[in-house]
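Spelled out, the chains give:
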Amino acid sequence: MQHVKIPQDRIGALIGEGGETLREIERRAEVRLDVDSENGSVGIEKTGDPVTALKGPDIVRAIGRGFAPDDAMALLNDEMMMLDIIDIGAATRNKNDLKRQKGRLIGENGRTRELMEELTGAAVVIYGSTLATIGTPHEVEAVREAAEMIIEGAPHGSVYSFLERKHNELKRQGMDYHQYTG
């Protein structure tokens, strides 16, 4: 059995209304979840296919990091989908610095975070002192690079340019991959 700790305020999202979300995770990821709502610890036990069950802890972690359960379940849609978590707090000196960095990552009216999602195709959530991403390895890598650029103090304009380049790169790779043979 594997254990994952999630914040108290995310336990409700993990369980869902009447336990509906919890049951869906158990069914689709082929695991059994044992939620301790006192301390936020979630025990994850494999019940079916071991390969599918490997995604169980990541789904729980994703919900704990602020993703909606449906977005977290996207990890099961494709074997290439992955969860990446960046600890913003590790790159800051104090609470004010953390608040400033989160503000830079979110952007005015959420625009920077939205652009990261739109241009990479990955889902991005900023919650607590972390930035979490769900996507393919290329998408996740692009978001991670953009976030690191922002944390290191790069101007938003150059980060947006970087994201545009990555978007075009990913689009070209997709076209190459899905060529019509007619």
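Report follows, based on the coordinates. Keep in mind that this is a model prediction, so the values were computed, not measured.

Some points on the nonpolar core
With 28 residues, the main nonpolar core has Leu 33, Ile 59, Val 60, Phe 67 and Ile 134 as its most contacted residues. Within the residue set of this core, elements represented by two or more residues are α1 (11–15), α2 (20–29), β2 (31–36), β3 (41–46), α4 (56–64), α5 (69–73), β5 (123–127) and β6 (130–135). The leading source of residues in this core is α4, at 4 residues. Ala 122, Leu 131, Ile 151 and Leu 163 belong to the second-largest nonpolar core, a separate cluster that totals 20 residues.

Examining the packing of aromatic side chains
Centre distance and the angle of the planes are the two values used to describe a pair of aromatic rings. Under the criterion given, the structure shown has 0 aromatic pairs. The residue whose ring lies beneath Arg 10 is Tyr 127, and the NZ or CZ to ring-centre distance is 6.0 Å.

Details of the sheet that holds β6
The strands that make up a sheet are held in pairs by hydrogen bonds between backbone atoms, and each pair lies either parallel or antiparallel. Overall, antiparallel pairing links the 3 strands, which are arranged β4-β6-β5 in an open sheet. Every interior strand has two partners, whereas the edge strands, β4 (82–87) and β5, have only one. The sheet shows a mean angle of 15 degrees between the axes of neighbouring strands, taken without regard to direction. With 5 bridges connecting them, β5 and β6 associate as antiparallel partners. The partner of Ala 123 across the bridge, within β6, is Ile 134. Taken strand by strand, α4 contacts β4, β5 and β6, and its axis lies near 45 degrees from that of β4. Packed on one face of the sheet, helix α8 (residues 137–151) meets β4, β5 and β6 and runs near 155 degrees to β6.

Considerations on α4
Counting buried positions along α4 yields 7 of 9 residues, so the element is predominantly enclosed. Taken together, the buried positions of α4 are occupied by Gly 56, Pro 57, Ile 59, Val 60, Ala 62, Ile 63 and Gly 64. Downstream of α4 by a residue or two, Gly 66 has a phi angle that is positive, lying close to 110 degrees.

A closer look at unusual backbone geometry
The phi angle at Glu 30 is positive, at roughly 55 degrees, despite the residue not being glycine. As for its position among the elements, Glu 30 is in the loop between α2 and β2. The phi dihedral of Asn 109 falls on the positive side, at around 55 degrees, and the residue is not glycine. Taking relative accessible area as the criterion, Asn 109 reaches 75% and is therefore assigned exposed.

Some remarks on the sheet that holds β3
Across the sheet, which stays open at both edges, the 3 strands sit in the order β1-β3-β2 with antiparallel pairing between neighbours. Sheet topology places β1 (2–5) and β2 at the edges, where each strand pairs with a single neighbour. Direction aside, the axes of adjacent strands within the sheet are offset by 25 degrees on average. When β2 meets β3, the two strands line up antiparallel, connected through 6 bridges. Bridge pairing in β3 places Arg 32 opposite Glu 45. The strands that α4 touches are β1, β2 and β3; relative to β1, the one it contacts most, it runs at about 10 degrees.

Each value, and the rule that gives it
Residues numbered from 1 in each chain as written. Predicted model: local features only at pLDDT ≥ 70, side-chain atom pairs only at ≥ 80, totals over all residues. Heavy atoms only, no water. Core = buried A, V, L, I, M, F, W, Y, C linked by side-chain atoms within 4.5 Å. Buried < 20%, exposed > 50% of the residue type's maximum accessible area, 1.4 Å probe, protein only. Helix = DSSP H or I, 4+ residues; strand = E, 2+ residues; numbered from the N terminus. Phe/Tyr/Trp six-rings, centres within 6.5 Å; stacked < 30°, edge-to-face > 60°. Lys NZ or Arg CZ within 6 Å of the ring centre and 35° of its normal. Pairing = 2+ DSSP bridges. Axes fitted to C-alpha atoms, helices over the stretch in contact; angles between N-to-C directions. Contact = heavy atoms within 4.5 Å.

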